[in-house]
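# Understanding the architecture of this molecule
Chain by chain, the residues run as shown.
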Amino acid sequence: MTSPLSGVVDSHCHLDFADFDDRDAVIERARAAGVKLMVTISTRVRQFDKIRALIETYEDVFATIGTHPHNAGEEMDVTAAELIEIARDPKVVGIGEAGLDYHYDLAPREAQMAGFRTHIAAARETGLPLVIHSREAEDDTAVVLEEEMGKGAFTPLLHCFSSDMRLARRGLKIGAYISFSGIMTFKTAQALRDVAAEVPLERLLVETDAPYLAPVPKRGKRNEPAYVVHTLKALAEVKGLDAQEMANITTDNFHRLFTKVPRL
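Residues numbered from 1 in each chain as written. Predicted model: local features only at pLDDT ≥ 70, side-chain atom pairs only at ≥ 80, totals over all residues. Heavy atoms only, no water.

### Quick notes on the pattern of salt bridges
Following the criterion strictly, the structure yields 20 salt bridges and no others. The closest approach of N and O atoms between Asp105 and Arg109, which form a salt bridge, is 2.9 Å. Judged by its relative accessible area of 33%, Asp105 is partly exposed. Several salt bridges share partner residues, and in doing so they unite Arg117, Arg124, Glu147, Glu148 and Lys151 into one network. (Salt bridge = Lys/Arg side-chain N within 4 Å of Asp/Glu carboxyl O. Buried < 20%, exposed > 50% of the residue type's maximum accessible area, 1.4 Å probe, protein only.)

Structure, rendered in structure tokens:
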């Protein structure tokens, strides 16, 4: 019987979503699977009270503050100063998720772009990592990151990476970390596994993006933080490493990036 993993981190989930009406049980299953920390990611600044209640309830759950590009049109009044103020909370450990999504285009692209740059300014000022959502917007994402990096340093995290090596290389060049989700376990995702094979070990993270994108063998079900171990094992296989070794590496990387999070 395989021993359970330990010290795993789910760097990106959405525990505030209504999908998790059994939140206590979900978090207990994550702990039983060896997940020691979870970061629940903000998608609407105006709904941060829900997240605040979560992080005050669970010692091992931390949060970010930001507006998802899908919601950029709703929150055009959010300022960098407001993000910075909320980020003073000891358990708010990152900015975002923000970025560009040209697949769904649920918000005007101008609003997405403006919000992206606002979040970058907050990440630069706070020194917290910027959690980036990019879908079918690779060139614009890279251009914005490169332009903004020229104005002053910040640390990008390309979350739920599903793009090609071009964006990965441009991100890595400016110091970005890259996080892989359950997508990399899909049979059709060999190209993504090829990208993961090229990303340096010291820049890798794993995540669920729960409740979305459950990995094989849980595909088709609601995703939850416990399932991050399946992505971790797939990433370990790509890198030719033991799963626990990969857990140790990605957790060390997480703490190097998310410096406000204590080592529980």
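We are not done yet, so read on.
### Brief notes about the pairing of strand 7 (residues 177-180)
Of the two faces of strand 7, the one holding Tyr177 and Ser179 and the one holding Ile178 and Phe180 are both buried throughout. Note: strand 6 (residues 156-158) against strand 7, two bridges, orientation parallel. Note on strand 7: the bridge partner recorded for Leu158 is Ile178. Taken together, the three bridges between strand 7 and strand 8 (residues 204-206) define a ladder with parallel strand orientation. Counterpart to Ser179 in the pairing with strand 8 is Leu205. (Helix = DSSP H or I, 4+ residues; strand = E, 2+ residues; numbered from the N terminus. Pairing = 2+ DSSP bridges.)

### Comments concerning the confidence of the model for the protein
Here the protein averages 97 in pLDDT, while 99% of its residues score no lower than 70. Across the protein, the element-wise mean pLDDT spans from 97 in helix 6 (residues 165-173) up to 99 in strand 3 (residues 61-65). (pLDDT = per-residue confidence, 0-100.)

### A closer look at the sheet that holds strand 3
On the basis of which strands lie adjacent, the open sheet formed by eight strands has the order 1-2-3-4-5-6-7-8 and parallel pairing. Taken across any chain shown, the strands that pair with only one partner, and hence form the sheet edges, are strand 1 (8-13) and strand 8. The sheet shows a mean angle of 30 degrees between the axes of neighbouring strands, direction not considered. As judged from the three bridges shared by strand 5 (residues 130-135) and strand 6, these two strands associate in the parallel manner. Looking at the pairing, Leu130 lines up with Pro156 of strand 6. (Axes fitted to C-alpha atoms, helices over the stretch in contact; angles between N-to-C directions.)

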